[in-house]
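# A structural walkthrough
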2 protein chains.
Amino acid sequence: MLSELPGRPCPIAAALEVVGDRWALLAVREVHLGAHRFSDVLAGTGAPRDRLAARLKDLVAAGVLERRPYQDSPPRSDYHLTEAGQDLVPVLGALKAWGRRWAVDEPAAEEELSPR
Amino acid sequence: MLSELPGRPCPIAAALEVVGDRWALLAVREVHLGAHRFSDVLAGTGAPRDRLAARLKDLVAAGVLERRPYQDSPPRSDYHLTEAGQDLVPVLGALKAWGRRWAVDEPAAEEELSPR
């Protein structure tokens, strides 16, 4: 797979093939924070509905999220982190630290990151 | 600025406003690895030329990269990491670790990440 990437073959590029879209990482953040249903991920990310649906489908295909049935009739399922998804939490942590230092100009942001 | 973001206001979303595009992070990786000129960043990322030009302009505007003149006639400048840009290295490190574990299926990727 590395050899199919444009540019320098490296694990960073390979990772960004999977999560190199802001909505993908924000969806992972939401699921990590406890938003498992589509409507909750939609509200938490603020993503356009169809882009979010496409990203979630990609993340399931990539093994970052998995769908679990929670209701039989009508059949419904929600999103959970796989082990690979759980492993993205340090990436979110690094982005959080950077964002807090360099991209936030309001000090009130801190508590927003606690799980709901 | 947080309050202007869609969805949950948080430093991760604020960070992704700046670096939530794969070409942006790959450009930062290239400059970090010593590719300072546009043509080298272009080759190292494999990005489409006009998208890379737009991302570099955004990264300079956001204070992640800075341009430094290296030649007088004709005037030319290249790209360097600012302190904010340098601070993205842990984000790249987290993505590298994740990519190596979950997105790379070839073991040969290791040495590609050393600075040139």
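For the structure itself, look to the data block above.
Nothing here was measured: the structure is a model prediction, and the numbers come from that model.

### Let's talk about the overall build of chain A
The secondary structure content of chain A amounts to 6 helices and 2 strands. Walking chain A from its N terminus toward its C terminus, one meets helices and strands in the order α-α-α-α-β-β-α-α. Of all 116 residues assigned to chain A, the portion counted as buried reaches 47%. Taking the intrachain contacts of chain A between residues at least 6 apart in sequence as the baseline, contacts between residues at least 24 apart amount to 41%. Here chain A has roughly 5,600 Å² of accessible surface; of this, 50% comes from carbon and sulfur atoms.

### Considerations on empty space enclosed by the protein
The tally for this structure, following the rule as stated, stands at 1 cavity of 30 Å³ or more. What the largest cavity holds in volume is close to 30 Å³. What lines the largest cavity is Leu16, Val19, Gly20, Asp21, Arg22 and Leu25 of chain A together with Leu16, Val19, Gly20, Asp21, Arg22 and Leu25 of chain B. Every element with two or more residues in the lining of the largest cavity is listed here: α1 (11–19) and α2 (22–32) of chain A together with α1 (11–19) and α2 (22–32) of chain B. Among the residues forming the lining of the largest cavity, the class breakdown is 6 nonpolar, 2 polar and 4 charged.

### A few points about the interface of chain B and chain A
Each side of the interface is counted separately: chain B has 54 residues, and chain A has 54 residues. Across the chain B to chain A interface the summed buried area is about 4,700 Å²; carbon plus sulfur atoms make up 66%. Taken as a group, Arg8, Ile12 and Trp98 of chain B account for 18% of the area that chain B buries against chain A, more than any other trio of residues on that side. Counting the contacts that link chain B with chain A gives 8 salt bridges. Residue Glu83 of chain A is joined to Arg101 of chain B by a salt bridge in which the shortest nitrogen-to-oxygen separation is 2.6 Å. Counting every contact that joins chain B to chain A gives 16 residue pairs in polar contact (both at pLDDT 80 or more). Listed by contribution, the elements that provide at least two residues to the side of chain B that touches chain A are α1, α2, α3 (38–45), α5 (83–86) and α6 (89–102) of chain B. Tallying contributions element by element places α6 of chain B first for the side of chain B that touches chain A, with 11 residues. Of the residues in the side of chain B that touches chain A, the class split is 32 nonpolar, 7 polar and 15 charged.

### As for the relation of the copies chain B and chain A
The two copies are related by a screw motion: chain B maps onto chain A through a turn of 180° and a shift of 0.0 Å along the axis, at an RMSD of 0.0 Å. Both copies are brought into coincidence by an operation consistent with a two-fold rotation axis. Most of the interface of chain B is mirrored in chain A, where 100% of its interface residues again form contacts.

Analysis parameters
- Residues numbered from 1 in each chain as written.
- Chains lettered and ligands numbered in written order.
- Predicted model: local features only at pLDDT ≥ 70, side-chain atom pairs only at ≥ 80, totals over all residues.
- Heavy atoms only, no water.
- Helix = DSSP H or I, 4+ residues; strand = E, 2+ residues; numbered from the N terminus.
- Buried < 20%, exposed > 50% of the residue type's maximum accessible area, 1.4 Å probe, protein only.
- Contact = heavy atoms within 4.5 Å.
- Areas by Shrake-Rupley, 256 points an atom, 1.4 Å probe, with all protein chains shown as cover.
- 1 Å grid on protein atoms, 1.4 Å probe; cavity = no way out; pocket = protein on both sides within 12 Å on 5 of 7 lines; lining within 4 Å.
- Points joined across faces, edges and corners; volume = space filled by probe spheres on them.
- Nonpolar A, V, L, I, M, F, W, Y, C, P; charged D, E, K, R; others polar.
- Buried area = accessible area lost by both parts, 1.4 Å probe.
- Salt bridge = Lys/Arg side-chain N within 4 Å of Asp/Glu carboxyl O.
- Polar contact = N/O pair within 3.5 Å; in protein donor to acceptor, adjacent residues only side chain to side chain.
- Least-squares fit on C-alpha atoms with pLDDT ≥ 70 in both.

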